[in-house]
Amino acid sequence: MPGKQGQSRRAGAAAPRGNGPAPACTLVVFGAAGDLTKRLVVPALYNLVSERRLSEGFRLVGVDHNRRSVEEWRQGLLDQLRDSVGSDAEFQAEAIDGTAWRWLCERMSYLEGDLNDPETYARLREHLAELERSAGTAGNCLFYLAVGERFFGVAVQGLAAAGLLAEARGRWRRVVIEKPFGRDLASARALNTKILTMMRERQIYRIDHFLGKETVQNIMALRFANGLFEPLWNRQHIDHVQITAAETVGVEHRAGFYERTGALRDMVPNHVFQLLAMTAMEPPISFDADAVRDKKAEVLQAIRPLSRRRVLRDVVRGQYDAGTVLDRTVEAYRREPGVAPDSATETFVACKLKIENWRWAGVPFYLRTGKRMRKRWTEIAVRFHQAPYTLFRGTHVERMHPNWLILRIQPDEGIALEFAAKRPGPAVALSSVSMDFAYRSHFEMAPRTGYETLIYDCMTGDATLFQRADNIEAGWRAVQPILDVWAEAPPSISRSTPPAATARPRRMPCWRATGAPGARWPDRQKEHDDDSRSQDLPRGSGRRRHAADRGEGPDEARPGRDLGVAGVGHPLRHHQRTAAARHGDAAGQPAPRNAARRLQRRALRDARADRHRAPDAGERSGRPIDRADP
Ligand SMILES: NC(=O)C1=CN([C@@H]2O[C@H](COP(=O)(O)OP(=O)(O)OC[C@H]3O[C@@H](n4cnc5c(N)ncnc54)[C@H](OP(=O)(O)O)[C@@H]3O)[C@@H](O)[C@H]2O)C=CC1
Ligand SMILES: O=C1O[C@H](COP(=O)(O)O)[C@@H](O)[C@H](O)[C@H]1O
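The protein carries the name Glucose-6-phosphate 1-dehydrogenase in an unreviewed UniProt entry, which gives Tistlia consotensis USBA 355 as its organism. The record held by UniProt for the protein lists under Catalytic activity (unreviewed entry) the comment "D-glucose 6-phosphate + NADP(+) = 6-phospho-D-glucono-1,5-lactone + NADPH + H(+)". Under the Pathway (unreviewed entry) heading, UniProt states for the protein: "Carbohydrate degradation; pentose phosphate pathway; D-ribulose 5-phosphate from D-glucose 6-phosphate (oxidative stage): step 1/3."

Encoded structure:
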């Protein structure tokens, strides 16, 4: 959803976004020899050239402390593009178009320099002035900080001291700051405070590449361009939301970064919270950048702070072990190059959060993300309250099927609505069916890295898809209690650790199974069964106890089954093994008797507690009895 900022054309104001070329400018990439530049930024620029989105007055300057000539830099970038052809890299192309590449090459220059050295910025200033004179860049500059987070403040300071952030005579100066923006609330605040003394908020583009994904932007279209969904988009109709960002890749070559970061910092306050914010925010009054960001800030600020008890109960973490992913044998995280053999860094995290506002009170949001999962899969699954069972008593319908709205972010981008339909035949019997929209069957989807839109938006001054200081801080504020509890007494990440072994917040319903859209997912019907079998049981009834005895109640449904991570020794796998031991294994072995008794005791305890509790609106309307929070 592009921001349409009807502002006057001052320096820094957004040009209306369209399909035409962005204004003339120089893009200066700090960290020009690094991974992000060659794998994503330059390929995105190449795509923008192919789409004719860059102006004749565009120039690209690479800055890095690595010594190389401009020819060597270009060659390295071209090699990377070529390597991506036919691979499953983010940049996708059937071949490299020589004309587009030459166009870009002609506009490139390279400056060797250390970001800690003021001399680097002085030389850059001279170079930019020369480009303004000779290449018609209009003096507009976009500084892209594609360097480690420790350089963000340093680089802004260097630019400011060299006078490179001053906007005068209608020219604009903007800075793109990569993630992670800080490593906790205090450092994010400190960084914001520091950079905001040297430039204005509107000059800062804190990037989160998830917002460059079409399907993430489409969440706003789905919600606000349709009359159908928004009336249902609240606690009256939604039971809970599950957000998954699962990757099959491991830590790759980024151990140095990842060991200090972990899955929580790497993914949750930024990417996953962007998905949450898009799903949960109130409608903005326009697509103006600040209108959208106000609403995002509001919803992130409404996330209920987790108490210590809730962190221990509602947040789980895990680390991948050796195993098989996509039919390939993979190493344990602890055996990856650069990772400590006893590393306690989490590569998987799942948590339950509540948003305390009128719309979402009582609706849990379950988030999970991890590396080396069985499938690459990012989705938002919205589960609606269930219809009451009453009408179906005395029919063949044993259980009700929940309605799900699934927003598939990647891969196989699309939207599916699952509902119950009558099976053909004389008996009243139901099946869960799906209406499925796949992007690729309706639209031509040009392969993109996600950075194209974001870079183009920076050039046109549209900050809608970028994080404002308060958005960033609200994200860190929500995860800070988790960081605090983990720092104070790091929960062991070994296989025997109970929090990791549960693989989902306690007492949450099953994670949704994942699989190919439109396909008959082997797990899926089972998942519904697990959920709904217990849902249509009256609380505390003998049937529920019976279900619990069989290990079929939601508390005991097989967590991690659908998105199991690689290793046989992984906590999730461990949990699967222990769950199997409890409930009887696939070969039909009965559960050990004491486990069955334990489950029965739990069911009775629940039933007793329930008798003392007035039914809430959810229950009266057929809400699943097993929803995760008391
Ligand atoms: N790579 C990715 O997939 C993603 C990266 N990011 C973020 O992007 C940023 C860059 O990441 P990435 O490209 O992976 O990092 P890299 O380390 O690969 O690239 C950084 C580059 O900056 C150079 N550099 C280091 N110190 C200096 C210095 N003092 N002066 C000038 N240049 C210097 C590095 O050289 P040298 O190698 O010699 O140290 C390297 O060429 C990080 O903030 C990261 O978190 C965000 C999302 C994804
Ligand atoms: O920023 C990051 O994102 C990627 C996941 O992004 P995707 O577009 O490939 O889904 C993640 O692998 C990486 O660890 C993280 O730093």
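And the narrative resumes.
Engineer: Honestly, the site of ligand 1 in this entry has me stumped. Any pointers?
Structural biologist: In the vicinity of ligand 1 there are 18 residues, among which Gly31, Gly34, Asp35, Leu36 and His65 approach most closely. Tallied by class, residues from the shell around ligand 1 come to 6 nonpolar, 6 polar and 6 charged.

Engineer: Looking at this model, I keep getting lost on the sheet that holds strand β7 (residues 238–246). Mind explaining?
Structural biologist: Remark on secondary structure: sheet strands pair via backbone hydrogen bonds, oriented parallel or antiparallel. Ordered by their spatial adjacency, 8 strands build an open sheet running β8-β11-β12-β7-β13-β14-β15-β16, and the pairing between neighbours is mixed. Each having just a single partner strand, β8 (315–318) and β16 (430–438) make up the two edges of the open sheet. This sheet shows a mean twist of 15 degrees between the axes of neighbouring strands, independent of strand direction. Taken together, the 6 bridges between β7 and strand β12 (residues 364–370) define a ladder with parallel strand orientation.

Engineer: Sorry, what's going on with the environment of glutamate 452 here?
Structural biologist: Tracing the backbone shows glutamate 452 in helix α12 (residues 451–460). When residues no more than four places from it in sequence are discounted, the contact partners of glutamate 452 are Ala44, Asn47 and Leu48.

Engineer: Which parts of the structure should I look at to understand the UniProt feature "binding site: NADP(+)" (unreviewed entry) in the protein?
Structural biologist: UniProt records the feature "binding site: NADP(+)" (unreviewed entry) for Asp114, Leu115 and Lys179 in the present numbering. Structurally, aspartate 114 can be placed in the loop between β3 (108–112) and α4 (118–135). Look past the residues within four positions of aspartate 114 in its chain and what remains in contact with it is His65 and Thr120. Looking at the secondary structure, you find lysine 179 in the loop between β5 (173–177) and α6 (185–196). Residue lysine 179 is classed as partly exposed on the basis of its C-beta count, with 19 C-beta atoms lying within 10 Å.

Engineer: What exactly am I supposed to notice about unusual backbone geometry here?
Structural biologist: Backbone geometry follows two general trends: most residues other than glycine have a negative phi, and most peptide bonds adopt the trans configuration. Between lysine 179 and the following residue, proline 180, the backbone shows a cis peptide bond with an omega angle of 5 degrees. Here proline 180 lies in the loop between β5 and α6. Cis peptide bonds are those with omega within 30 degrees of zero, and the linkage from glutamine 410 to proline 411 qualifies with -15 degrees. Looking at the element boundaries, proline 411 is found in the loop between β14 (404–410) and β15 (414–422). For leucine 326, which is not glycine, the phi torsion reads 50 degrees and is therefore positive. Assignment of secondary structure puts leucine 326 in the loop between β9 (323–325) and β10 (328–330). Since 10 C-beta atoms lie within 10 Å of it, leucine 326 is described here as exposed. The phi angle at aspartate 327 is positive, at roughly 65 degrees, despite the residue not being glycine. If you trace the backbone, aspartate 327 turns up in the loop between β9 and β10.

Engineer: What is the right way to read the sheet that holds β5 from this model?
Structural biologist: Pairing within the open sheet is parallel, and its 6 strands lie in the order β3-β2-β1-β4-β5-β6. Each end of this open sheet is capped by a strand with a single partner; those strands are β3 and β6 (204–206). Averaged over all pairs of adjacent strands, the angle between strand axes in this sheet comes to 20 degrees, irrespective of strand direction. Taken together, the 3 bridges between β5 and β6 define a ladder with parallel strand orientation. The residue bridging isoleucine 177 from the neighbouring strand is arginine 206, located in β6.

Engineer: For this particular structure, what's the right way to read the domain arrangement of the protein?
Structural biologist: Interface extent is often summarised as the accessible area lost during association of the parts. By the assigned domains, the protein splits into domain 1 (25–178) and domain 2 (214–506 + 524–620). Tallying the contact residues gives 17 residues for domain 1 and 10 residues for domain 2. For the side of domain 1 that touches domain 2, the elements supplying multiple residues, two or more each, are α1 (35–50) and β5. Class assignment for the residues of the side of domain 1 that touches domain 2 results in 12 nonpolar, 2 polar and 3 charged.

Rules and cut-offs
Residues numbered from 1 in each chain as written. Chains lettered and ligands numbered in written order. Predicted model: local features only at pLDDT ≥ 70, side-chain atom pairs only at ≥ 80, totals over all residues. UniProt positions renumbered as here; feature names shortened; annotations may be inferred. Near = placed C-beta within 6 Å. Nonpolar A, V, L, I, M, F, W, Y, C, P; charged D, E, K, R; others polar. Pairing = 2+ DSSP bridges. Helix = DSSP H or I, 4+ residues; strand = E, 2+ residues; numbered from the N terminus. Axes fitted to C-alpha atoms, helices over the stretch in contact; angles between N-to-C directions. Contact = placed C-beta atoms within 7 Å. Buried ≥ 20, exposed ≤ 12 C-beta atoms within 10 Å, placed from the backbone. Domains from an automatic or database assignment.

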